[in-house]
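Below, each chain spelled out in residue letters.
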Amino acid sequence: MSFDLSLIVETVPKMLAGVGLTFQLLGLSAFLGLILAIVLLLMRISGKWYLDWPAQLYIYVFRGTPILVQIFIIYYGFPQLEFIRESVLWPIFRDPFGCAVVALSLNTGAYVSEILRGGVLGVDRGVLEAGEALGLSTTQRFIYLTTPIATRLALPAYGNDIISLLKSTALASTITLMDMTGIARTIVAQTYAPYEIFISLAIIYMILTFFLQKFISLIEAYLGRYTKRES
Amino acid sequence: MELLSGWWDDFFWGSVVVAQVFLASLVLMVIFGLIGAAAKLSGNRIVQKIANGYTVVFRGTPEILVILLLYFGSAITLTWISRLFNPDIKFVDVPPFWAGTVAIALIVGSYATETFRGAFLGVRPGSIEAAKALGMSGLQVFFYIRIPEMWRLALPPFGNHMLSLIKDTALISIIGLNETLFVAKQAIGTTGKPFTMYIVVGLIYLGFSTVITLTVMALERYGNHTVRAR
Amino acid sequence: MISPQPLIRMQNVGKHFGTFQALKGINLDVIKGERIVVCGPSGSGKSTMIRCINRLEKHDEGRILIGDTELTDQIKDLNAVRREIGMVFQSFNLFPHMTILNNLMLAQKLVRKTPKAKARDIAMRYLERVKIPEQADKYPVQLSGGQQQRVAIARALCMKPEVMLFDEPTSALDPEMINEVLEVMVDLAREGMTMICVTHEMGFARSVADRVIFMDAGEIVEEADPETFFKTPQHERTKLFLSQILSH
């Protein structure tokens, strides 16, 4: 058994060619997932059962099933349904990239909405009461008090979810997409050198994770500036 | 429903495989997590570094990559080792069950490491000091104060780790484990109904998740019965 | 002497938390410029009573009128009533993510629709009155408890309220910081602000209160001017309470 260094030198650039696709999947799904999460959050804290219950059911289903199954249902399963094939959304569901983005967004939205809810529930009730006593309306309290404080509280958990999302993008390779993992799997199938290829790729992902984490802690430090006793 | 006739038993046995992988990986995950936490809490710098490396690697790498690496990698390694003894061996196959089980246990174990470590450190030093001041022995403090307190702190995240494990079992179908997702693929081959089959898989997993969630809730209620005063 | 219409009128007010009756049969009129101190053992309903006045708690029996407006579920603009009632909390409740200045300006801008520059002037004026203008650009966490409470008082005053409610404003403070907050409150009282203060600071009650109210078990047990209240309390419960609180 040997560890072929020249193979690594040769294949790493090939895998890095897929980093663009990985980032597209990550960026788009993170953005769409966040919007979905905010909608779900508003439904959950609306105090109206006909909004709260569907949101709870959604979160329960999407957190209770594997993301891979969700990807397969959308990519392989949806074409079975005629109304989807005839809908205006068909171009999205016909395309593996569209399916991956939809599945990842739907999945991360469920997790993130619970993270955001944790932040909202963590806001000190006294602070909201003070706003109430000053005559701020419910909407004003939500915008000026709850949102900024909850954002800071939710950010560490949100950062972890973004990293989970980065790792989940690798599953796009199971529906023919040539992201970094997809390329790596093709190369391994040809060279049969799993150690060299997969370990190199793992290191690439770890570097990406590292930078994502750094970026998130920068935002955390900025948002948390008012929690430090020394200015 | 009639679509599924002839596939019920396959899905049932697929679910059994899911349950087996889950239970085996659960045991391993706890072991990895405890070793990792002990290593991080140990005074030894080198041991701490290794444990840190373990958590960084397995939390920063996509799950599917770990599974593929362990499956193909261990096959190659085992083949190489066998050839040392018998040059005629062409290829040693590693059962996807064990490659997959160890892989997801390693991944989730890296998260459990932090959970166990946090729970150990989260025990209020005051309780420990009070117990010592009352004359309890080290072992008594450990079993009567530390363990129950840790249990209470670790249970909610531990429930999430179990949910991660059950969901990660689906990934093992990629290396050919005959669990439910694998069964669905075969069923689709003959019936041509991918949506129906994958929905069945989704429902099976939702069932597993529900059972785990309810179990954890029951355990939490039991674990918190002492601190629910108000 | 003409008796002016009371600013706050509570008529037979009751309040339940589940089966627990927190307030029963509260009758209280507060006229403009009056300074009232409410005391009583913990759990006696004093906080609940003043929290009902700006409807942070909803009463479920009787009537509460603020000026001509009755507090009911049908009330159209509760926030219009609330901006006339300033409130200071035991735990300060400053907005942690805003500078001191922004704490003072937020409600002015949003509720009073005061232009920014003017809101800033008003904020600075009140910060000077509570003697901490130099802290304007800091965050609450960087201030001591006494300073935070003074900011909280200034924040409420910026809204130019008709009445100020104080809910145990010094209970969360270290002893050496209590006086700096009480001084601000005494100044405010001297200027004629209508005030209802839940507090155990009996020195404060003696020097500024027009009336002292003693509550126990959700009821007003006794009310009198401070002189009478401290020298010749009528009820056993009042005597017991005073002996406990004044003995040290």
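Data block above holds the structure.
A. Quick peek at the sheet that holds strand β2 (residues 20–30) of chain C. All names here are of chain C. Ordered by their spatial adjacency, 4 strands build an open sheet running β2-β1-β4-β5, and the pairing between neighbours is antiparallel. The open sheet terminates on both sides in strands that have one partner only, identified here as β2 and β5 (69–70). Relative to strand β4 (residues 61–66), strand β1 (residues 8–17) is paired through 5 bridges, and the arrangement is antiparallel. Looking across to β4, one finds that Q11 is bridged to R63.

B. Representation of the arrangement of the chains within the structure. Most contacts, compared over the 2 pairs of chains touching, are made between chains A and B. These two, chain B and chain C, are apart from each other, with no contact and a minimum C-alpha gap of 15 Å.

C. Structural view of the packing of helix α7 (residues 96–122) of chain A against helix α9 (residues 138–168) of chain A. Residues and elements named next belong to chain A. Two elements in contact, α7 and α9, have axes whose closest approach is 8 Å; the angle formed by their N-to-C orientations is 150°. Here α9 runs roughly antiparallel to α7, going by the angle between their axes. At the point where α7 passes α9, the crossing takes the right-handed sense. Note on element contacts: α9 touches α7 through T146, A150, L153, A154, A157, Y158, D161, L165 and S168, opposite L104, T108, Y111, V112, I115, L116, G119, V120 and G122. Here the residues of the contact of α7 with α9 sort into 12 nonpolar, 5 polar and 1 charged.

D. Here's a closer look at the interface of chain B and chain A. Contact residues are listed per partner, giving 38 residues for chain B and 35 residues for chain A. At the boundary of chain B with chain A, total buried surface from both sides reaches about 3,300 Å², with 75% on carbon and sulfur atoms. When the buried area of chain B at its contact with chain A is split by residue, B:K167, B:F195 and B:Y198 rank highest and sum to 18% of it. Where chain B packs against chain A, one counts 0 salt bridges.

E. Looking closely at the pattern of salt bridges. Summed over the entire model, instances satisfying the criterion amount to 28 salt bridges over all chains. Residues B:E114 and B:R117 are paired through a salt bridge, measuring 3.5 Å at the closest nitrogen-oxygen approach. Taken together, the positions of B:E114 and B:R117, both in helix α4 (residues 96–122) and 3 residues apart, correspond to about one turn of that helix. Given a relative accessible area of 23%, B:E114 falls into the partly exposed group. Residue C:D73 is joined to C:K58 by a salt bridge in which the shortest nitrogen-to-oxygen separation is 3.4 Å. Here C:D73 is found in the loop between β5 and α2 (78–82), whereas its partner C:K58 is found in the loop between α1 (46–53) and β4, with 15 residues between them in sequence. Note on C:D73: relative accessible area 57%, which makes it exposed. Residue C:K58 is classed as partly exposed on the basis of its relative accessible area of 48%. Through salt bridges that share partners, A:R44, A:D52, A:E114 and A:R117 make up one connected network.

Each value, and the rule that gives it
- Residues numbered from 1 in each chain as written.
- Chains lettered and ligands numbered in written order.
- Predicted model: local features only at pLDDT ≥ 70, side-chain atom pairs only at ≥ 80, totals over all residues.
- Heavy atoms only, no water.
- Pairing = 2+ DSSP bridges.
- Helix = DSSP H or I, 4+ residues; strand = E, 2+ residues; numbered from the N terminus.
- Contact = heavy atoms within 4.5 Å.
- Axes fitted to C-alpha atoms, helices over the stretch in contact; angles between N-to-C directions.
- Parallel < 35°, antiparallel > 145°, perpendicular 65-115°, else oblique.
- Left-handed = near helix turned anticlockwise from the far one by under 90°.
- Nonpolar A, V, L, I, M, F, W, Y, C, P; charged D, E, K, R; others polar.
- Buried area = accessible area lost by both parts, 1.4 Å probe.
- Salt bridge = Lys/Arg side-chain N within 4 Å of Asp/Glu carboxyl O.
- Buried < 20%, exposed > 50% of the residue type's maximum accessible area, 1.4 Å probe, protein only.

This is a description of form; function is not addressed.
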